[in-house]
Amino acid sequence: MTHVVTEPCIRCRYTDCVESCPVNCFHVGPTFVVIDPECCIDCALCVPTCPIEAIKHADELTPSEEAFRALNVKYARVWPVGVHRAPPLPDREAWREVQDKRPWLEGPEPSPNP
Ligand code: F3S
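For clarity, every value in this text was computed on a predicted model and none was experimentally measured. (Residues numbered from 1 in each chain as written. Predicted model: local features only at pLDDT ≥ 70, side-chain atom pairs only at ≥ 80, totals over all residues. Heavy atoms only, no water.)

(A) Quick look at the packing of aromatic side chains. Under the counting rule described, the total for this entry stands at four aromatic pairs. The interplanar angle of 85° and the centroid separation of 6.4 Å between the aromatic rings of Phe 32 and Trp 79 together place this pair among those described as edge-to-face. Of the two residues, Phe 32 sits in the loop between strand 2 (26-28) and strand 3 (33-35) while Trp 79 sits in the loop between helix 1 (67-76) and helix 2 (92-95), which places them 47 residues apart along the sequence. Comparing Phe 32 with Trp 79 shows no difference in burial state: the two are buried. Ring geometry for Tyr 75 and Trp 79: centres 4.3 Å apart, planes at 25°, overall stacked. Overall, the relative accessible area of 10% leaves Trp 79 in the buried class. The rings of Phe 32, Phe 68, Tyr 75 and Trp 79 are connected pair by pair, giving a single aromatic cluster. It is Arg 11 that lies over the ring of Trp 95; its NZ or CZ is 4.9 Å from the centre. (Phe/Tyr/Trp six-rings, centres within 6.5 Å; stacked < 30°, edge-to-face > 60°. Helix = DSSP H or I, 4+ residues; strand = E, 2+ residues; numbered from the N terminus. Buried < 20%, exposed > 50% of the residue type's maximum accessible area, 1.4 Å probe, protein only. Lys NZ or Arg CZ within 6 Å of the ring centre and 35° of its normal.)

(B) Local environment of the nonpolar core. The biggest cluster of nonpolar side chains holds 28 residues, and the ones touching the most others in it are Val 5, Cys 17, Phe 26, Phe 32, Ile 35, Ile 55 and Leu 105. Take this core: its biggest share by element is four residues, from helix 1. Apart from the residues lying within four places of it in its own chain, the contact partners of Ile 55 are His 3, Val 4, Val 5, Cys 17, Phe 26, Ile 35, Cys 46, Val 47 and Cys 50. (Core = buried A, V, L, I, M, F, W, Y, C linked by side-chain atoms within 4.5 Å. Contact = heavy atoms within 4.5 Å.)

(C) Molecular detail of the state of the cysteines. Tallying each qualifying case throughout the model produces one disulfide. Paired by a disulfide, Cys 25 and Cys 39 hold their sulfur atoms 2.4 Å apart. In this structure the cystine formed by Cys 25 and Cys 39 twists about its S-S bond by roughly -100°; its chirality is therefore left-handed. Placement of the pair is Cys 25 in the loop between strand 1 (3-5) and strand 2 and Cys 39 in the loop between strand 3 and strand 4 (55-57), with a sequence separation of 14 residues. Among the cysteines around Cys 21, which has no disulfide bond, Cys 25 carries the closest sulfur, lying 4.1 Å off. Owing to a relative accessible area of 12%, Cys 21 belongs among the buried residues under this scheme. (Disulfide = S-S within 2.5 Å.)

(D) Spatial organisation of the pattern of salt bridges. The tally for this structure, following the rule as stated, stands at five salt bridges. Of the charged contacts, one joins Lys 56 and Glu 65 as a salt bridge, the two residues approaching to 2.9 Å between their closest N and O atoms. Lys 56 sits in the partly exposed class, given a relative accessible area of 22%. With relative accessibility at 14%, the residue Glu 65 sits in the buried group. Among the ionic pairs, Glu 66 bridges to Arg 69, the shortest N-O distance being 3.1 Å. Taking the relative accessible area as the measure of exposure, Glu 66 reaches 33% and is therefore partly exposed. (Salt bridge = Lys/Arg side-chain N within 4 Å of Asp/Glu carboxyl O.)

In structure tokens form, the structure reads like this:
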């Protein structure tokens, strides 16, 4: 099993989590991070580091979060490994209440009024 990064991270991306991973499983994209399930050792050290509780164990995903399992696999193959914190995205507050941010996961430009 693995841990999975879910919806709240999109357009927020605090990156506190990446430095907690002892095996460097996090891959960082323009608006979101993902966990490579083939790398994750299920230590759960990253879970409490996320201030918005975006990281879940795969067994705890709700039906509406299941799509994030595949999204973590997909983008772990594309985005580079991240091991250092970066500033969170500047318009994260504008995106906080958006229910499904997946269409804006890859960018290109942030829009606070999606
Ligand atoms: Fe995202 Fe939380 Fe990490 S917002 S980048 S999962 S600390």
